[in-house]
Amino acid sequence: MRRIQNIIAIVAACLLFSNCDYVLGLQVQRMYGKKVTFPYIVSQIFYGELKEDAEVPSGMKRMVLLFEDRNCSRCQASRLYEFYDLIDSCQNRSILPIVLFSGESLAAAQDEVLVQDYPFPVYFDEGGLFLKRNPYLSKNRRLCYFLIDEQDTIKFIGNPIQSTAMLSAFDSIVLNLSDNR
């Protein structure tokens, strides 16, 4: 437990000293250790095929990449290729990446993902139920990427490939999660 607290301090320090302000560190502390609740049924697009009644996989380590409709969801959907390195990094560590769009109006994002034909599943929570069930999640873009364990508890916050310090902290947490099984 002490080791995990030290790792959280390192991650928070990395965020604070990479041009983040004090508030960002407080948001990390508010999110860490919270349980995430996913909607029961979402839409999914995988290799250009739409499935209306999909479920977000559970019972395994997952890296959530959350995109909200308050920003241009079509623009975000067209730029998911920017996350290939993060998605590959997760898959190489036996972590399932969950790319999730949540909000009231996601039709444009769905259309864009269908056109882009990404080689990973992209989930759509039309109506924003995910955000409503998890009000403690930060609206800050840098905190919309987080690792959850098999029990849906947030164990890491941030993009682990943004710096070597973040990647090192991420690997330590993943190793600790694997050792505690």
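Residues numbered from 1 in each chain as written. Predicted model: local features only at pLDDT ≥ 70, side-chain atom pairs only at ≥ 80, totals over all residues. Heavy atoms only, no water.

(A) Main features of the nonpolar core. Residues L80, F101 and L147 are the most contacted members of the largest nonpolar core, which totals 29 residues. Looking at which element gives the most residues to this core, the answer is helix α7 (residues 164-179), with six residues. Ignoring any residue separated from it by four or fewer positions in sequence, one finds L80 in contact with F67, V99, F101, V113, Y118, F120 and V122. (Core = buried A, V, L, I, M, F, W, Y, C linked by side-chain atoms within 4.5 Å. Buried < 20%, exposed > 50% of the residue type's maximum accessible area, 1.4 Å probe, protein only. Helix = DSSP H or I, 4+ residues; strand = E, 2+ residues; numbered from the N terminus. Contact = heavy atoms within 4.5 Å.)

(B) Summary view of the pairing of strand β4 (residues 96-103). Buried residues dominate β4, accounting for seven of its eight residues. As defined by bridge partners, strand β3 (residues 62-68) adjoins β4 across seven bridges and the pair is classed as parallel. Within the sheet, the bridge partner assigned to L66 lies in β4 and is L100. As judged from the five bridges shared by β4 and strand β5 (residues 122-126), these two strands associate in the parallel manner. Residue pairing for β5: V99 is matched across the bridge by V122. For the segment spanning β4, helix α5 (residues 107-116) and β5, crossover handedness is right-handed. (Pairing = 2+ DSSP bridges. Right-handed = clockwise from strand over helix to strand, strands pointing away.)

Function cannot be read off these values alone, since they describe shape.
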